[in-house]
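Topology and contacts: notes
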Amino acid sequence: MAAATPVTAVLNGLSPAELDACEAVLATMVQDLDLDVAGIFGALREGLTMTEALGLPEQTPDLLYAQAVARFGAGDHMAALSLFQALSFLAPGVRDHWLGLGISARAVEQLDLARLAFQTAATIAPETAAPRFHLCEVLCQQGDWPGAAREAAAFEAAAMAPEKASLAADLKRLSALIELRGG
């Protein structure tokens, strides 16, 4: 059996009745598609990853990630957003998928989605600085100055890494804004 994934961790926390209800809801949602919902759900219950449960090639997330980064780099932020959403579904335990989703969501001004994505990335890798920086930025955009101040402090407390060094000057700019706004 595969190692526990975020999907199986959630499923393992549900009662048998709740699992059955989730499976029924999923089956209803995709009834017009030719999917073996019971088989997919059963595979997830057994601990397989979403990629494995769907029978996709193992390299699918890597290929989608490369495509998402390329789409974003080309300025097609909506396509990147869609690809990062798919990645967050297929491999939800990967920090960079959530970072990409957040950055893409922010680029198309979907700030609530960006905030959720950065919070998820920070939960997956709490010791890293990038999710904290990007979350701080979104919270500033949303006017949540106390939250932005908390994330700036979390960024400062994060382990030193190349990403932290490259974002430090931008964080100083944000910190000045936060201080000015009373956060």
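Computed from a prediction, not measured in an experiment: that's the story for all the values here. Residue positions within a chain follow its written sequence, with the count starting from 1. Only residues with pLDDT of 70 or above have their local features reported here, since the model is predicted, and side-chain atom pairs are shown and tallied only from 80 upward, although totals for entire chains, interfaces and linings are computed over all residues. The basis for the side-chain values is all heavy atoms of the structure; hydrogens and waters are excluded.

1. Topic: a nonpolar patch on the surface
Residues Leu54, Leu56 and Phe89 make up a contiguous nonpolar surface patch of roughly 250 Å² in combined accessible area. Only DSSP runs of H or I reaching four residues or more are called helices, and only runs of E reaching two or more are called strands; each is numbered from the N terminus. Looking at where Leu56 falls in the secondary structure, it is placed in the loop between helix H4 (50–53) and helix H5 (60–73). Note that patches include only residues with greater than 30% relative accessible area and no salt bridge, and the join distances are 9 Å for like charges and 5 Å for nonpolar side chains (Val, Leu, Ile, Met, Phe, Trp, Tyr). For accessible areas, the Shrake-Rupley method is used with a probe of radius 1.4 Å. Any residue's cover is judged against the shown protein chains and nothing else. What counts as a salt bridge is simple: a side-chain nitrogen of Lys or Arg found within 4 Å of a carboxyl oxygen of Asp or Glu.

2. Here we look at helix H8 (residues 111–124)
If you check H8, its first and last C-alpha atoms are 20 Å apart, about what 14 residues at 1.5 Å a residue would give, namely 20 Å. Taken as a whole, H8 has its buried residues at Leu111, Ala114, Ala117, Phe118, Ala121 and Ala122. The buried residues of H8 occupy an angular sector of 135° when projected down its axis, which confines them to one face. Among the exposed residues of H8, those oriented more than 90 degrees off its buried face are Asp112 and Thr123. On its buried face, H8 is in contact with helix H7 (95–107) and helix H9 (130–141). Expected span, for any helix, means 1.5 Å times one less than how many residues it has. Only protein chains enter the area calculation, which uses a 1.4 Å probe; residues under 20% of their type maximum are buried, those over 50% are exposed, and those in between are partly exposed. Arc definition: it is the arc formed by the directions from the helix axis to the C-beta atoms. Whether two residues are in contact is decided by their heavy atoms: any pair within 4.5 Å suffices.

3. Examining the pattern of salt bridges
Inspection of the entire model under this criterion finds 6 salt bridges. Among the ionic pairs, Arg115 bridges to Asp144, the shortest N-O distance being 2.9 Å. Placement of the pair is Arg115 in helix H8 and Asp144 in the loop between H9 and helix H10 (145–157), with a sequence separation of 29 residues. Judged by relative accessible area, Arg115 falls into the partly exposed class, the value being 25%. Where Glu151 meets Arg132, a salt bridge forms, and the shortest distance between an N and an O atom there is 3.0 Å. Taken as a pair, Glu151 in helix H10 and Arg132 in helix H9 lie far apart in primary sequence, 19 residues in all. The residues Glu151 and Arg132 share a single accessibility class, namely buried. Within this structure, Arg106, Glu137 and Arg173 form a network of salt bridges that share partners.

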